[in-house]
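# What the coordinates show
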Amino acid sequence: MIREAKEGDLLPLLHLYLHLHEKQVPQQDERLMAVWRGILRDQNHHLIVCEEDGKIVSSCVCVVILNLTRNARPYALIENVVTHPDYRKRGLASACLDFAKQIAQRENCYKIMLLTGAKDEATLDFYRRAGYNSSDKTAFIQWL
């Protein structure tokens, strides 16, 4: 089942993120809880999850960004695409990305951007098959 995250999904998501780039589940302190509540309340922040066998096994984030160009049409940014290794190669991340695309279309976005730190061709081919290309734009990142 693909859906947007709800209040009780925090801990399962934090465990799923261990398969992304996190090294440990962060302490559930007031700062983390404030961020979580902010994400859940933000109408432009869509934390998409795929639930199978009663657990969250795949996810991505889709943020709709308001914009003054392109006739004031927003654009969307995809981040934190992850699937638990035991559930890969089953189309779950693709389903999450499709759900994100539906949100972007519903919000009248003119584009969706996705950045990845992955270098392996299998991951890059996955994003190409999902409809993303790496030839239209050049991405630059400044880490803070």
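A brief look at the structure comes next.

### Details of a nonpolar patch on the surface
- Together, Leu115, Ile141 and Trp143 line one region of the surface with nonpolar side chains, adding up to about 380 Å² of accessible area.
- Among the secondary structure elements, Ile141 is positioned in the segment after helix 4 (121-129).

### A look at unusual backbone geometry
- Unlike most non-glycine residues, Lys89 shows phi in positive territory, near 70°.
- Take Lys89: it is sitting in the loop between strand 4 (75-83) and helix 3 (92-106).
- A positive phi angle is found at Asn108, which is not glycine, with a value near 65°.
- Tracing the sequence through the fold places Asn108 in the loop between helix 3 and strand 5 (112-114).

Conventions adopted
- The residue numbers shown here count from 1 along each chain, following its written sequence.
- Predicted model: local features are reported for residues with pLDDT of at least 70 only, side-chain atom pairs are reported and counted for 80 or more only, and whole-chain, interface and lining totals are derived from all residues.
- Heavy atoms throughout the structure, all of them, feed into the side-chain values; hydrogens and water do not.
- Patches in this entry comprise residues that are over 30% relatively accessible and not in a salt bridge; like charges within 9 Å are linked, as are nonpolar side chains (Val, Leu, Ile, Met, Phe, Trp, Tyr) within 5 Å.
- Note on areas: these come from Shrake-Rupley sampling with a 1.4 Å probe, and a residue is covered only by the protein chains present in the view.
- Counted as salt bridges are all cases of a side-chain nitrogen of Lys or Arg within 4 Å of a carboxyl oxygen of Asp or Glu.
- Secondary structure elements follow DSSP: runs of H or I of four or more residues count as helices, runs of E of two or more count as strands, with numbering from the N terminus.

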